[in-house]
Amino acid sequence: MNKLVIIVLIFLCQTSFSQRTFSKDELRADAEILFQALNELHPGLYRHSDTASIETAYDELQNAFSDGIDEETAFLCFSAFIARVKCGHTYPNPFNQRK
C-alpha cells in the first residue's frame, strides 16, 4: 500500500511540474499574430518607441525561438518583446487564459 501511495505522489508531482513545449513554428505564428494585433489595435504603439525599435524587437523575438521551448521560456520571450512597447497598460497575463 505504501508503495502505491509513493508511486501516485511521484506521478502527481511530475505531471504538475511538467510543462508543455512548443515548436519554433508554433511560437513564430503566435508572435506574428501578436505583432499584427498590436499594430492594428494598440492606440499608442509607437508613442514611446519608434517603428524601427519595435520592428527590431519583433525580429529579435522571432529569432529567439528554437524547438522545444517550454511555456515559461516562451512567456519570458513574449514579455521581453511587450516590454519594448513601453506601455504600462500592455502586458502578457497568463492568468486570463483558458486551460
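Up top is the structure.
Residues numbered from 1 in each chain as written. Predicted model: local features only at pLDDT ≥ 70, side-chain atom pairs only at ≥ 80, totals over all residues. Heavy atoms only, no water.

(A) Structural view of the side chain of Q62. By the secondary structure assignment, Q62 is in helix α3 (residues 51–64). Residue class for Q62 comes out buried when judged on its relative accessible area of 13%. If we ignore the near neighbours within four places in the chain, the residues touching Q62 are R28, A31 and E32. (Helix = DSSP H or I, 4+ residues; strand = E, 2+ residues; numbered from the N terminus. Buried < 20%, exposed > 50% of the residue type's maximum accessible area, 1.4 Å probe, protein only. Contact = heavy atoms within 4.5 Å.)

(B) How the structure looks around the nonpolar core. Core analysis: the biggest nonpolar cluster contains 19 residues, and L27, L61, F65 and F81 have the highest contact counts within it. Of all the secondary structure elements, the ones that give two or more residues to this core are α2 (24–41), α3 and α4 (71–83). Sort the elements by how many residues they give to this core and α4 lands first, with five residues. In this view, F81 contacts L34, F35, L38, I54, A57, Y58 and L61; residues no more than four positions away in its chain are not counted. (Core = buried A, V, L, I, M, F, W, Y, C linked by side-chain atoms within 4.5 Å.)

(C) Representation of the packing of α3 against α4 in the model. Where α3 contacts α4, the axes come no closer than 9 Å and their chain directions differ by 170°. In this view, α3 runs roughly antiparallel relative to α4, as classed from their interaxial angle. Residues I54, A57, Y58, L61 and A64 of α3 touch α4, and the partners they reach there are C77, F78 and F81. Residue composition of the contact of α3 with α4, grouped by class: eight nonpolar, no polar and no charged. (Axes fitted to C-alpha atoms, helices over the stretch in contact; angles between N-to-C directions. Parallel < 35°, antiparallel > 145°, perpendicular 65-115°, else oblique. Nonpolar A, V, L, I, M, F, W, Y, C, P; charged D, E, K, R; others polar.)

(D) Structural view of the side chain of S49. Within the fold, S49 resides in the loop between α2 and α3. Side-chain polar atoms of S49 contact the backbone oxygen of R84, separated by 2.8 Å. (Polar contact = N/O pair within 3.5 Å; in protein donor to acceptor, adjacent residues only side chain to side chain.)

(E) Broad picture of the environment of R28. Counting through the fold element by element, R28 comes out in helix α2. On the basis of relative accessibility, which here comes to 31%, the residue R28 falls in the partly exposed class. A sequence separation of 35 residues divides R28 from N63, and the C-alpha atoms of the two residues are 8.8 Å apart. Every residue in contact with R28, bar those within four places of it in the chain, is listed here: Q62, N63 and F65.

(F) Fine view of the packing of α2 against α4. α4 packs onto α2 with a crossing angle of 25° between their chain directions and a minimal axis gap of 12 Å. Considering the angle they form, α2 stands roughly parallel to α4. Where α2 crosses over α4, the handedness of that crossing is right-handed. Note on element contacts: α4 touches α2 through A74, F78, F81 and I82, opposite L27, D30, A31, L34, F35 and L38. Broken down by class, the residue content of the contact of α2 with α4 amounts to nine nonpolar, no polar and one charged. (Left-handed = near helix turned anticlockwise from the far one by under 90°.)

Read these as layout, nothing more, since geometry by itself doesn't imply function.
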